[in-house]
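Chain by chain, the residues:
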Amino acid sequence: RQDVLVLTPWLAPIVWEGTFNRDILNAQYKQKNSVTGVVTFAVKKYWLFFISQGFMSSANKYFLAGHQVNFYVFTDNPEQISHLHMAPENHLFVIPLQNLSRWQDISMSCMDIISRYIRSRFRYEVDYLYSIDIAVQLFEHIGVEIIDTLVGTISSWQYAARRESKSYETRNESQAAIPEGEGDFYYTASFYGGSVAEVYKLTRACSKGLMEDREKGIEARWHDESHLNKYLLYHKPTRLLSPEYCWDEEL
Amino acid sequence: SMKLQYTEEKLIQLFPQSFYQQPRVLAPKRQDVLTVTPWLAPIVWEGTFNSEILDSAYKPLNLTIGVTAFAIGKYTRFAGHFLESAEKHFMRGYRVNYYIFTDNPEAIPDVQLQPGRRLVIVPMKKYSSWQEISMRRMEAINKHIAERSHQEVDYLFCLDIDMVFHNAWGPETLGDIVAAIHPGYFNVPRSQFPYERRSSSAAYIPDGEGDFYYGGAVFGGLVKKVYEFTKTCHMTILADKANGIMAAYQEESHLNRHFLSHKPSKLLSPEYIWDDRMPKPPEIHLIRFSTVDKNYKVIRD
């Protein structure tokens, strides 16, 4: 790929189609004997039930095929998530959100929920953890190339934008504020992950920032995504996924 | 084998606030060369990295970088220039330990070092042939890590001594397992790589296989990883010895065999392992480390 940037200035690879050989990567991943977890939220509207079917059947069939994957689906509608016939190496865990006392505030507390569950459960069950939006369906194209210590995905909406016009939060009062003249890429909150330890630090830091903003009565422009971008500016990802990994159908 | 206590692997934790040009997704800095391997390891070329960003993350970690170099027999004459040029260009601003393996400690000149940097002479036996000397390096490095350097350094580079630094060699080179692309073979098809082609050798690589041809003059990584792969290479070298065979390019052949099955996590472009006898092609913007011209007949005798 000569047309796009494939390496960041801090030497993290940016994963684009055509830059990697999945067979080599599969062989390397197999040697590690790792377990990868995928976290997703299926909440509120009934139509999300259908999307979650698409998500699960695609992910179950294609995502890290041949390797063990644990899918953790947080939902307020556990009955609707029908029990798919999972591939032998995969597991599906449906986690009802009613169990959490403050789940109503869903847009704010995805980060909080993830960090709590890492601490109480996920860290004992997986080595790598990815938070993937339920709307993502193109799992045929997603494989072990995403596995690394701290991974962010470049947003398909912003990938060509200049720093100044990016959607960073600019108000100093917010914990998510990025000062003028700073910023590498605009990352999407629809797809991020890494080692369970790094994802814990990320979700903790973001949920802390979200909470502090809340207490001041301020809401960052793009909610948890703004906080994610602040975090990844100062804790640079070890690998980036190109906008191909999270292409928004509306574009 | 000994169970070693390793210092904790340091992951880049924090990049302090700094101002630099925005990286542009649609504007790759180098379109003329491969900058990422098929297994997503970076290939370091001038233009691909920003030294300030990397320094801002690495310097606060207080790392110590080790360098091994073998000055045996007549090769002691190269030690002075090697060390002087390293003081000017190698990991400036970082703590560095130079481990000079030699059979003649008095012949190693007393080079003035910057603060935080020191010279350690490691007495080494002189083997009878230059090939033997070359191949015993793996064993010597491995033993030395176990005995000493694992406690003193975080990263270790193993370099040839008959070479000189000409330009900056910095934290862009740090990685778990680091290999360098040989300057003579970066632009040729794999069928022409001088891999060991006899199937009786433990360094054998069949036709149709191979990623790159790596040079034996430069390799390194986390001290724990260097310990592991120098041990493996030494084992394959001994296996060949038992079978009465010596690989085409000595330990370089064994290194290539090893890095084919255990791919490096970072590659250095030929900027980091140049041969001054070669004309500089347009892809090489900067020569950082290269050979000193010498008369092999005299030196290797």
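Residues numbered from 1 in each chain as written. Chains lettered and ligands numbered in written order. Predicted model: local features only at pLDDT ≥ 70, side-chain atom pairs only at ≥ 80, totals over all residues. Heavy atoms only, no water.

- Where an unreviewed UniProt entry is consulted, chain B appears under the name GBGT1 acetylgalactosaminyltransferase, with the organism given as Syrrhaptes paradoxus.
- Quoted verbatim from the Subcellular location (unreviewed entry) heading of the UniProt record, the comment on chain B is "Membrane". (UniProt positions renumbered as here; feature names shortened; annotations may be inferred.)

- Per an unreviewed UniProt entry, chain A carries the name BGAT1 transferase and comes from Syrrhaptes paradoxus.
- Heading Subcellular location (unreviewed entry) of the UniProt record for chain A holds this comment: "Membrane".
- Per UniProt, chain A carries the Sequence similarities (unreviewed entry) text "Belongs to the glycosyltransferase 6 family."

## Here's the deal with unusual backbone geometry
Glycine aside, residues mostly have negative phi angles, and peptide bonds mostly take the trans form.
Residue and element names in this part refer to chain A.
And step 1. Here the phi dihedral of L11 falls at roughly 65 degrees; this positive angle occurs in a residue that is not glycine.
And step 2. Take L11: its relative accessible area is 7%, and that puts it in the buried class.
And step 3. Unlike most non-glycine residues, N33 shows phi in positive territory, near 55 degrees.
And step 4. Assignment of secondary structure puts N33 in the loop between α1 (22–32) and β2 (36–42). (Buried < 20%, exposed > 50% of the residue type's maximum accessible area, 1.4 Å probe, protein only. Helix = DSSP H or I, 4+ residues; strand = E, 2+ residues; numbered from the N terminus.)

## Points about the UniProt feature "binding site: an alpha-L-fucosyl-(1->2)-beta-D-galactosyl derivative" (unreviewed entry) in chain B
All names here are of chain B.
And step 1. In the UniProt entry, the feature "binding site: an alpha-L-fucosyl-(1->2)-beta-D-galactosyl derivative" (unreviewed entry) is given for H182, E252 and D275.
And step 2. In this view, H182 contacts Y213, Y214, G215, E252 and P270; residues no more than four positions away in its chain are not counted.
And step 3. A relative accessible area of 13% places E252 in the buried class.
And step 4. When near neighbours in sequence (up to four residues on either side) are disregarded, E252 contacts H182, Y213, Y214, G215 and G216.
And step 5. Polar contacts involving the side chain of E252 include one to the side chain of Y213, which spans 2.6 Å. (Contact = heavy atoms within 4.5 Å. Polar contact = N/O pair within 3.5 Å; in protein donor to acceptor, adjacent residues only side chain to side chain.)

## Considering the sheet that holds strand β6 (residues 150–154) of chain A
Residues and elements named next belong to chain A.
And step 1. Judged by pairing direction, the sheet is mixed, and its eight strands sit side by side in the order β1-β8-β6-β7-β5-β2-β3-β4 without closing on themselves. Either end of the sheet is taken by a strand with one partner, and the two such strands are β1 (14–15) and β4 (91–96).
And step 2. Across four bridges, the pairing between β6 and strand β7 (residues 187–195) is antiparallel. Bridging across to β7, L150 finds its partner in G194.
And step 3. Helix-sheet contacts for helix α4 (residues 196–215) involve β5 (128–132), β6 and β7, and the interaxial angle to β7 is about 140 degrees. (Pairing = 2+ DSSP bridges. Axes fitted to C-alpha atoms, helices over the stretch in contact; angles between N-to-C directions.)

## Regarding the interface of chain B and chain A
And step 1. With 36 residues of chain B at the contact, the number on the chain A side is 42 residues.
And step 2. For the pair chain B and chain A, the summed buried area comes to about 3,300 Å², and 60% of that belongs to carbon and sulfur atoms.
And step 3. Of all residues in chain B, Q22(B), V25(B) and L40(B) give up the largest surface area on contact with chain A, accounting jointly for 22% of the area buried on that side.
And step 4. Joining chain B to chain A, the criterion identifies zero salt bridges.
And step 5. Inspection of the region where chain B meets chain A yields six residue pairs in polar contact (both at pLDDT 80 or more).
And step 6. For the side of chain B that touches chain A, the secondary structure elements donating two or more residues are β1 (43–44) and α1 (51–58) of chain B.
And step 7. For the side of chain B that touches chain A, the class distribution of residues is 21 nonpolar, 10 polar and five charged. (Buried area = accessible area lost by both parts, 1.4 Å probe. Salt bridge = Lys/Arg side-chain N within 4 Å of Asp/Glu carboxyl O. Nonpolar A, V, L, I, M, F, W, Y, C, P; charged D, E, K, R; others polar.)

## Concerning the UniProt feature "binding site: an alpha-L-fucosyl-(1->2)-beta-D-galactosyl derivative" (unreviewed entry) in chain A
Residues and elements named next belong to chain A.
And step 1. Taking the numbering used here, the UniProt-annotated feature "binding site: an alpha-L-fucosyl-(1->2)-beta-D-galactosyl derivative" (unreviewed entry) corresponds to E225 and D248.
And step 2. Within the fold, E225 resides in helix α5 (residues 224–234).
And step 3. Judged by relative accessible area, which is 15%, E225 ranks as buried.
And step 4. Leaving out residues up to four positions away in the same chain, E225 has contacts with Y186, Y187, T188 and A189.
And step 5. In this structure the side chain of E225 is engaged in a polar contact, spanning 2.7 Å, whose partner is the side chain of Y186.

## Some remarks on the packing of aromatic side chains
All names here are of chain B.
And step 1. A full pass over the atoms with the stated rule returns 31 aromatic pairs over all chains.
And step 2. For the ring pair W169 and Y272, a centre distance of 5.2 Å and an interplane angle of 85 degrees mean the geometry is edge-to-face. Of this pair, W169 sits in the loop between β6 (163–165) and β7 (177–181) while Y272 sits in the loop between β9 (266–268) and β10 (289–291), and the two are 103 residues apart along the sequence. The same class applies to W169 as to Y272, namely buried.
And step 3. Plain terms: the ring middles of F212 and Y214 are 6.2 Å apart, the flat faces sit at 50 degrees to each other, and that makes the pair tilted. (Phe/Tyr/Trp six-rings, centres within 6.5 Å; stacked < 30°, edge-to-face > 60°.)

## Considerations on the pairing of β5(A)
Residue and element names in this part refer to chain A.
And step 1. Burial runs high along β5: five of the five residues are buried.
And step 2. Neither face of β5 is exposed, since Y128, Y130 and I132 on one face and L129 and S131 on the opposite face are all buried.
And step 3. Pairing of β2 with β5 involves four bridges; the strand directions are parallel. Within β5, the residue paired with V38 across the bridge is Y130.
And step 4. Sheet topology note: the β5/β7 ladder contains five bridges and is antiparallel. Across the sheet, residue Y130 finds its bridge partner in β7, namely G193.

## Looking at the sheet that holds strand β8 (residues 214–222) of chain B
Residues and elements named next belong to chain B.
And step 1. Judged by pairing direction, the sheet is mixed, and its eight strands sit side by side in the order β1-β9-β7-β8-β5-β2-β3-β4 without closing on themselves. The open sheet terminates on both sides in strands that have one partner only, identified here as β1 and β4 (117–123).
And step 2. Where strand β3 (residues 95–102) and β4 come together, seven bridges link them in parallel fashion. Along β4, the bridge assignment pairs F101 with V122.
And step 3. Running over the sheet, helix α2 (residues 79–89) touches β2 (64–71), β3, β4 and β5 (155–159) and is turned about 170 degrees from β3.

## Looking at the environment of P115(B)
Residue and element names in this part refer to chain B.
And step 1. With respect to the helices and strands, P115 occurs in the loop between β3 and β4.
And step 2. Here P115 falls in the exposed class, since its relative accessible area comes to 74%.
And step 3. Sequence separation of P115 and V96 is 19 residues, and the distance between their C-alpha atoms is 9.4 Å.

## Thoughts on the UniProt feature "binding site: Mn(2+)" (unreviewed entry) in chain B
All names here are of chain B.
And step 1. Using the residue numbers shown here, the UniProt feature "binding site: Mn(2+)" (unreviewed entry) corresponds to D160 and D162.
And step 2. For D160, the location among the structural elements is in the loop between β5 and β6.
And step 3. In this structure, D160 is in contact with F82, R137, G216, A217 and F289, ignoring residues within four places of it in sequence.
And step 4. A distance of 2.7 Å separates polar atoms of two side chains, one belonging to D160 and the other to R137.
And step 5. Relative accessible area serves as the criterion here: at 8%, D162 is assigned to the buried category.

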